[in-house]
Every structure is written in C-alpha cells, then in structure tokens.
There are 2 protein chains.
Amino acid sequence: MQRRKFIQAATGAAAAAVLTAPAQAAALPNLTWRVASSFPKSLDTLYGGLEQFAKRVAEITDGKFIIRTFPAGELVPAFQVLDAVQNGTIEMGHSATYLYFGKDTALTFETCAPFGLNSRQQTAWYDAGGGSELCKELLKDYGVTSLPAGNTGCQMGGWFRKEIKSVEDLVGLKMRVGGFAGRIMQKLGVVPQQIPAGDIYPSLEKGTIDAAEFVGPYDDEKLGFERVAPYYYSPGWWETGSQVSLLIGLKHWDSLPNAYRAALTAAAYETHVSVQSKYDVRNPQALARLLKRGTKLRAFPQSVMDACAKATAEIMQEESAKNPQFKKLFTHYQRFQNEQNQWYSVAEARMQNFQINALKTASRK
Amino acid sequence: MQRRKFIQAATGAAAAAVLTAPAQAAALPNLTWRVASSFPKSLDTLYGGLEQFAKRVAEITDGKFIIRTFPAGELVPAFQVLDAVQNGTIEMGHSATYLYFGKDTALTFETCAPFGLNSRQQTAWYDAGGGSELCKELLKDYGVTSLPAGNTGCQMGGWFRKEIKSVEDLVGLKMRVGGFAGRIMQKLGVVPQQIPAGDIYPSLEKGTIDAAEFVGPYDDEKLGFERVAPYYYSPGWWETGSQVSLLIGLKHWDSLPNAYRAALTAAAYETHVSVQSKYDVRNPQALARLLKRGTKLRAFPQSVMDACAKATAEIMQEESAKNPQFKKLFTHYQRFQNEQNQWYSVAEARMQNFQINALKTASRK
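What you are looking at is a predicted structure, and each value in this text was computed from that prediction instead of being measured. (Residues numbered from 1 in each chain as written. Chains lettered and ligands numbered in written order. Predicted model: local features only at pLDDT ≥ 70, side-chain atom pairs only at ≥ 80, totals over all residues. Heavy atoms only, no water.)

J.: Just to check I follow, could you spell out the overall build of chain A for this structure?
T.: From N to C terminus, chain A includes 13 helices and eleven strands. Taking all 365 residues of chain A together, 58% fall into the buried category. Taking all contacts inside chain A whose residues are at least 6 apart in sequence as the whole, residues at least 24 apart take part in 77%. Of the accessible surface of chain A, which amounts to about 14700 Å², a share of 53% is contributed by carbon and sulfur atoms. When the 41 positive and 34 negative side-chain charges of chain A are each reduced to one mean point, those points stand 4 Å apart. (Helix = DSSP H or I, 4+ residues; strand = E, 2+ residues; numbered from the N terminus. Buried < 20%, exposed > 50% of the residue type's maximum accessible area, 1.4 Å probe, protein only. Contact = heavy atoms within 4.5 Å. Areas by Shrake-Rupley, 256 points an atom, 1.4 Å probe, with all protein chains shown as cover. Lys, Arg positive; Asp, Glu negative; His and termini not counted. Charge placed at Lys NZ, Arg CZ, Asp CG, Glu CD.)

J.: Before we go on, may I ask you to explain the environment of A:Leu43 in this structure?
T.: Residue and element names in this part refer to chain A. Residue placement: Leu 43 occurs in the loop between β1 (31-37) and α2 (44-60). A residue is classified by how much of its surface remains accessible, and Leu 43, at 10% relative accessible area, is buried. Taking C-alpha positions, Leu 43 is 9.6 Å from Asp 220, a pair spaced 177 residues apart along the chain.

J.: What is the right way to read helix α11 (residues 302-322) of chain A from this model?
T.: What sets the pattern is the α-helix's 3.6 residues per turn: residues three or four places apart point alike. The end-to-end C-alpha distance of α11(A), which contains 21 residues, comes to 30 Å, matching closely the 30 Å that a straight helix rising 1.5 Å per residue would cover. Along α11(A), the residues classified as buried are A:Val304, A:Met305, A:Ala307, A:Cys308, A:Ala311, A:Thr312, A:Ile315, A:Met316, A:Glu319 and A:Ser320. Those residues of α11(A) hidden inside the fold are in contact with α6 (179-187) and α12 (324-346) of chain A together with α13 (348-364) of chain B. (Expected span 1.5 Å × (residues − 1).)

J.: It is not clear to me how the relation of the copies chain A and chain B should be interpreted in this structure. Could you clarify?
T.: Put simply, the second copy of the chain is the first one after a rotation about an axis and a shift along it. When chain A is fitted to chain B, the best match, at an RMSD of 0.0 Å, comes from turning it 180° and sliding it 0.0 Å along the axis. On this basis, the relationship between the two copies can be described by a two-fold rotation axis. Proximity to the rotation axis, assessed at the C-alpha, singles out A:Ala266 in chain A; its C-alpha lies 2.5 Å from the axis. Residue by residue, 100% of the interface of chain A is reproduced at the interface of chain B, so both copies engage with the same surface. (Least-squares fit on C-alpha atoms with pLDDT ≥ 70 in both.)

J.: Please clarify how unusual backbone geometry should be interpreted in this entry.
T.: Trans peptide bonds make up the majority, and among non-glycine residues the majority have a negative phi. All names here are of chain A. Here Ser 234 and Pro 235 are connected by a cis peptide whose omega angle stands at -10°. As for its position among the elements, Pro 235 is in the loop between β9 (231-234) and β10 (243-249). Notably, Asp 62 is not glycine yet its phi reads approximately 60°, a positive angle.

J.: What exactly am I supposed to notice about the sheet that holds strand β11 (residues 296-299) of chain A here?
T.: Residue and element names in this part refer to chain A. Taken in spatial order, the six strands make up an open sheet running β7-β6-β8-β5-β9-β11, and their pairing is mixed. Looking at the sheet topology across the chains shown, the edges are occupied by β7 (191-193) and β11. Here β9 runs beside β11; their pairing, made up of four bridges, is parallel. Counted as the bridge partner of Tyr 233 is Arg 298 from β11. (Pairing = 2+ DSSP bridges.)

J.: I'm lost on helix α7 (residues 197-206) of chain B in this one. Help?
T.: Residue and element names in this part refer to chain B. Regarding α7, the residues found buried are Ile 200, Tyr 201, Ser 203 and Leu 204. Buried residues in α7 make contact with β6 (174-176) and β8 (211-212). A positive phi of about 85° marks Gly 207, the residue just after α7.

J.: Could you clarify how one ought to interpret the sheet that holds strand β11 (residues 296-299) of chain B in this entry?
T.: Across a sheet, paired strands are connected by hydrogen bonds in the backbone, their directions being either parallel or antiparallel. Residue and element names in this part refer to chain B. The strand order across the open sheet built from six strands is β7-β6-β8-β5-β9-β11, with neighbouring strands paired in mixed fashion. Strands at the two margins of the open sheet, each flanked by one partner only, are β7 (191-193) and β11. With three bridges connecting them, β6 and β7 associate as parallel partners. Across the sheet, the residue bridging to Arg 176 is Gln 193, located in β7.

J.: Would you mind going over the packing of α12(A) against helix α10 (residues 258-292) of chain B with me for this structure?
T.: Helix-helix packing: each pair is described by the crossing angle between the helix axes and the interaxial distance. At a closest axis distance of 9 Å, the pairing of α12(A) and α10(B) adopts a crossing angle of 75°. Between α12(A) and α10(B), the angle is such that the two are roughly perpendicular. Listed contacts from α10(B) to A:Phe336, A:Glu339, A:Gln340, A:Trp343, A:Tyr344 and A:Val346 of α12(A) are B:Asp280, B:Val281, B:Asn283, B:Pro284, B:Gln285 and B:Leu287. By residue class, the composition of the contact of α12(A) with α10(B) is seven nonpolar, three polar and two charged. (Axes fitted to C-alpha atoms, helices over the stretch in contact; angles between N-to-C directions. Parallel < 35°, antiparallel > 145°, perpendicular 65-115°, else oblique. Nonpolar A, V, L, I, M, F, W, Y, C, P; charged D, E, K, R; others polar.)

J.: Before we go on, may I ask you to explain the interface of chain A and chain B in this structure?
T.: Often, the extent of an interface is quoted as the loss of accessible area upon association of its parts. Contacts between chain A and chain B engage 80 residues on the former and 80 residues on the latter. Interface area for chain A against chain B, summed over the two sides, is near 6500 Å², with a carbon-plus-sulfur share of 64%. Contact with chain B buries surface across chain A, with A:Asp62, A:Trp343 and A:Phe354 losing the most and accounting together for 11% of the total. For the pair chain A and chain B, the interface holds two salt bridges. The closest approach of N and O atoms between A:Arg120 and B:Asp280, which form a salt bridge, is 2.7 Å. Counting the contacts that link chain A with chain B gives 21 residue pairs in polar contact (both at pLDDT 80 or more). (Buried area = accessible area lost by both parts, 1.4 Å probe. Salt bridge = Lys/Arg side-chain N within 4 Å of Asp/Glu carboxyl O. Polar contact = N/O pair within 3.5 Å; in protein donor to acceptor, adjacent residues only side chain to side chain.)

J.: Is there a simple way to think about the side chain of A:Thr295 in this case?
T.: Residues and elements named next belong to chain A. Looking at where Thr 295 falls in the secondary structure, it is placed in the loop between α10 (258-292) and β11. With relative accessibility at 6%, the residue Thr 295 sits in the buried group. Here the side chain of Thr 295 touches Leu 290 through a polar contact of 2.9 Å, landing on its backbone oxygen. Aside from chain neighbours lying at most four places away, what touches Thr 295 is Trp 159, Glu 226, Pro 230, Tyr 232 and Leu 290.

J.: Help me understand the pairing of β9(A), please; the structure alone is not making it clear to me.
T.: Working note: regular strand, side chains alternate between the two faces of the sheet. Residue and element names in this part refer to chain A. By the alternation rule, side chains of β9 split into Tyr 231 and Tyr 233 and Tyr 232 and Ser 234, which are all buried. Relative to β9, strand β5 (residues 158-160) runs antiparallel, the two sharing three bridges. Paired with Trp 159 across the bridge in β9 is Tyr 232.

J.: I would appreciate a short explanation of the packing of aromatic side chains in the present structure.
T.: When we look at a pair of aromatic rings, we describe it by the centre distance and by the angle of the planes. Residue and element names in this part refer to chain A. Under the defined criterion, the tally for this structure stands at 37 aromatic pairs over all chains. With a centroid separation of 5.2 Å and an interplanar angle of 55°, the aromatic rings of Phe 109 and Tyr 333 are classed as tilted. With Phe 109 in the loop between β3 (92-95) and α4 (119-128) and Tyr 333 in helix α12, this pair connects stretches of sequence that are 224 residues apart. Here Phe 109 matches Tyr 333 in class, with each residue buried. When the ring of Phe 214 is compared with that of Phe 225, the centres are 6.4 Å apart and the planes differ by 90°; the resulting orientation is edge-to-face. Of this pair, Phe 214 sits in the loop between β8 (211-212) and α8 (217-221) while Phe 225 sits in the loop between α8 and β9, placing them eleven residues apart in sequence. Across the pair, Phe 225 and Phe 214 agree in class, each one buried. Through successive ring pairs, a cluster of aromatic residues spans Phe 101, Phe 109, Trp 125, Phe 180, Phe 326, Phe 330 and Tyr 333. (Phe/Tyr/Trp six-rings, centres within 6.5 Å; stacked < 30°, edge-to-face > 60°.)

J.: How should the side chain of A:Thr123 be read in this particular structure?
T.: Residue and element names in this part refer to chain A. Structurally, Thr 123 is set in helix α4. Judged by relative accessible area, Thr 123 falls into the buried class, the value being 11%. A polar atom in the side chain of Thr 123 sits 2.8 Å from the side chain of His 272.

J.: Would you mind showing me how to read the environment of A:Lys187 here?
T.: Residues and elements named next belong to chain A. The topology assignment puts Lys 187 in helix α6. When neighbours within four sequence positions are excluded, Lys 187 is seen to be in contact with Ala 311, Glu 314, Ile 315 and Glu 318. Within the structure, Lys 187 has its side chain in polar contact with the side chain of Glu 314 (distance 3.1 Å).

Structure (structure tokens):
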C-alpha cells in the first residue's frame, strides 16, 4: 500500500508538472544545422547578419543548437540555395526569394517589388499586414518556410559611364541589371546584362557595358566603380526596400521543439533589425567617401522615373494576367502600399521633407 | 592502473565537453520576473508588445523563464516605472525613458527628440550608431540597463478646436502636451497642460483646453476627440519616432545566465519590429475611419513649423549649456541625424516622394 500510494503521488506530481510545463519533460536536443548563403563574405552587412543570427541561436540555446554558416558557393552555388533547401541538402538557406523569380514570379514579393514598399513598410506588410502568410503559402510548394533576416533599404540606381538626361538615353544602354528590373528596362530599350559582381569593374572599364547596378554606397564602394563609371544615380526604384530571408526546410522546421522554433524566430527578427541598422550607419559614411573620390551623384530625371513607373505598371499587369499567384500577391501588396503611401504623406514624409529642407537651408548659410 | 586510466579518460572527456559547451554544465534555472508597464492595456499596440515579449521569452526558455506583465498602475504608477526598477521593487519595467526627463533631460534621447530621427533612424542610432552605449551609460546611474521594445513612428500633432493658421494662433492656446514639447511650445506662447488621457475628452468638450496631443490615429481614435476638436494636425514634430524601452535592473541582468540575457535581447528586438509593424498596419486604417467621421486633417503651416524648429534649436542649446550629459548625447545624436538626412535625401525620400506624388496623381484621375 505504501508503495502504491507513493507511486500514485509521484504520478500525480508528474502529471501536474506536465500540465504546467510540458516541454520541460524532455531535455532539448543537441542539433547542428548547416545554412548556405546566397551572399559572399564580402557583402559583410548581409553575411554578417547571418553570423550574428547563428551566434545568437547558439547563445539562446545554451550551445545546444549550432548553426554552421557557409558563404555563397561553398556548399551551394549562390542562386541554388532555395533548391538545396528544397531537396534537403541543407536545413536552411540565407537568400532573397526574388532570386528565384524564374521559378515563380510571385517569389519577388517577399524580397521587394519595383516601385514598391520601403524597408519599414515591407517589414510591416510581412510581419503584421498578412504578407508573410501569403509568401509562406507560396514557399510551401517548395517544402520551405521563411523568416526575415534584414533589409538593405532603398538601393541606389547604379553607376553610369554617361549621364542619363532623358528616356532616349536608355535606348541601347547595356546595363548590368538582373531579374525583374531587367525585364522592365528592356521595355525602355535597355539591354540587360547578367554579370557576376567580380566582372562588373572590367566590363565597365572596357566599355563592354555602359552601366551597372549593385546595392548601395557601402557595398558598391568596395568595387571601385567610380573610377570607370562616375555617374552614381538614385533611386534604385527596382529595390526600394529589399528583404533578406532565411529559408528553412519545412520538414526540419516541423521537427523542431517549440523552444527552438521560438529561438530561431526571435534571433531572425533581431538580425532583421541589425542588418538594416548597419546599412543605415554605413551607407551615409561610404557615400561621403565616394563623393570625395570624385563620384558624381545624380538623380534620375522625372521623365525617366515616370517612364520606368509606367513600364513597371505594364509588366505588373502582364504578369498578373499570366500568373494567378502573382496576381494574388500583387493585389494584396498594392492595396497595402496605397494605404501606406496615404499615411506616410500625412506625417512621415512631411516630417522627413521638412528635416531635409532645413538641413539644405542650413548648409547653404 | 586500469581504473586510473579510466578516470583520466573520463576527466579528459568531461574537460572536452566543458570546452565545447561550458554553459551546459549547469541546468538553466526557473525564474519568474515581474514587469510593470507605463502603458495601460487600452494602448494595446504598446502593451500587446510587452505581452508578446513575455510569451516569446517563455517559449524560448521552454517555460523556465516566466515574465509576468502588469499594465500601468497595477503594481507601480505609470510614471514611476524607472524608480521601481531602480529601487528593486520590480525586475523590469516597460516604459519610455523620456517620461523621466525631470530627473535628467538627457533621458529624452533613448525615446526621441523634437525634430529628431524617424523610427528607422532612431533604431539605427540606438542599435548600430553608438546610441545604446550612450543611453545605457546614462541609465547605469539608476542601476538600470535597457532593450528596445517598439516604436510608434512619427506621431500626429494633435487635435485642435480651431484651425492654426499662423504662429500667432499659438499664443494663449491651452494645449495638453507634456514634457519637452510643452517647454518648447511655451516659448511660442502655448500654455501646456498636464492632463491624464481619460480627462482629455471632457476638457476639450468644456473648452477648458483648446488642443491635445496623444499618439496617432489608432490610439487617438478610441478617445473620440474628433467630436470635440475636429482639426487633426500633422506632423507631431516632438515625437518623430518614439522608442519604447524595457528597463532592467542591472543587478538582475548581471545575475542572469548568458542564455537568458540572449533570450531577452532577441525577444525584445522581435517585439521592437512587431510594435512598429502593428502601428503601421493599424494607423492608416484608423485614419480612414476618422476621416469618415468628420475629422478635418490639417498640416501645420510652414511658418508654424519653422517657428517650432527655431524654438526647439534654442531649447536644445539652452539645455546643452545646463546639462553636460544632455550636451554629450545631443551632439552625438545631431551628427548622426545630419548624416541620415543627407543620405535619405538621396534615395529614401526621393523614392518616397515619387510614390506619394504618383498616388496623388492617380487618385485625381
């Protein structure tokens, strides 16, 4: 009897413990995952974000969940990260979904869209505006889910050997510009070129190409474009706030204890903040250095911006007609964007423009 | 010998285990902390952020680290959260440091400054621009450290019974506006009033006050101001991007295992993103409803903005002369802001203005 009572009491206590803290019943497992990035180490703000993420996950899990990071090309070619996660070669990828727009043009929206949301708006759409649900639904077809892991902010419009003064100046222009942006510019007569980052400089120098877009001042600076294509244009309307994604094999994600899913999520969001913050700190300083070295800063003329926006709207319509997934995401994204722009016109943009004008006035004195 | 060899081997293995995963030696402790907020439950975007944070910490730590959340007034009065953390009544507070500017005016910068950084810039300054180091140095005097836990974005300029058409219209205006903004407006003849949120509506209705600022459309909507003060002004130049802080007793922070400090940090950053995202989703929708109910949207005239900016610059100088800590933070903050505004004028603001103008043109068609 004594023994039976003891067993009953022990079972009761165990049951109570299970009710209050079910997950503590089993110790959390030791795990090692491999994550392949689409970005090289030289893009240190992006790749540094991945390293920060992995470090944070290890810290949070007390060294139990180790994520080993690999830059582009080490485990997997840069543009095959989604495939590698899909076929289970790696548990996780660090990439941008728009790189895979050849598979499905709707994959662009998790990263950005031309004439799209700014960095904060993209995050709001993704995090609280219904965007992540739509994007994840899309990735499900590849057996993948995602977390946000940074944003570059609005990128620059690239480096040009000659000034762009009108829409006509775009005709026949050989420009290193990829994906969606290339397709839009084709409408305006640009001849888009796909060239790896390391080959841009010699191509501009030799005149094999007339222009090249890359990222923003901090990343561009390292490649020295100002020496061979001094006109640095803004804004990069095709990347108004490009989000980086962690792509996780659903099979692996689903097999994780809840605590590890929570750890990955929180660490990803921290990285998401820090990557944008680092770009924000580094870009203005890099731009100042570039200007000292003779970079000639230019803005695309209004006529060029208008023509690009028109071509974009046409492509978005064409794509919506072809791809129902694209249409679904674009419709949702566009409605959100209109709301955001209306709201930004009230307080954010008004405040921002006041500040910028005040600074210009002060610097003229 | 055999036994000695075995012990040596075992010790070697243990030593190796310690080297690779030192923290796993001791199991992580069960902890319960209490966090008091300066915000009521009715400010559900802010307070909801705190609840999300506590939930995430519990998930990450597998139910071991429980953070109990208390809205303003339940454990501690709204404006005494810093004091309660300082004197050890609670382990953590959820507040905004500018509420304590009576103790030290330099505490304003962790939240915002008048004519200051926008939300993303504030985050960049704090996270990667050296801001958090300066702010934490200041909080150290109170035995406190901090983590970011949200931002409201640029707030609105408040509700006015009559239109503000010139600087003269501010003279004698009784306005519910607190802290730093109140002091600046006093320079322009405004009579600042300190009134709890619940008393604003009857005060406006009776005409005891002429105007009141609160937060933005989503929070303001609940209080029904449009019925008694229909002119809704923008922008809230005194809160251009107000950051929420988690304030943690240093004694408690230092006693935490590294894994828990990492968990709190990552969860705080996730909350930081989500609070801003929720405001961004909710504010435009609330503004649309307010406009349908007769709210008259107005912008402060350029002359009023200029006068307020001038008064702000004077106060910032006066305060810098009085308080060396304020001077140190303001100098750092202002240099960062100038860099940011220069950079935003190149790509971000240009892109934003293009989008807003395109939307306006489209809606006129």
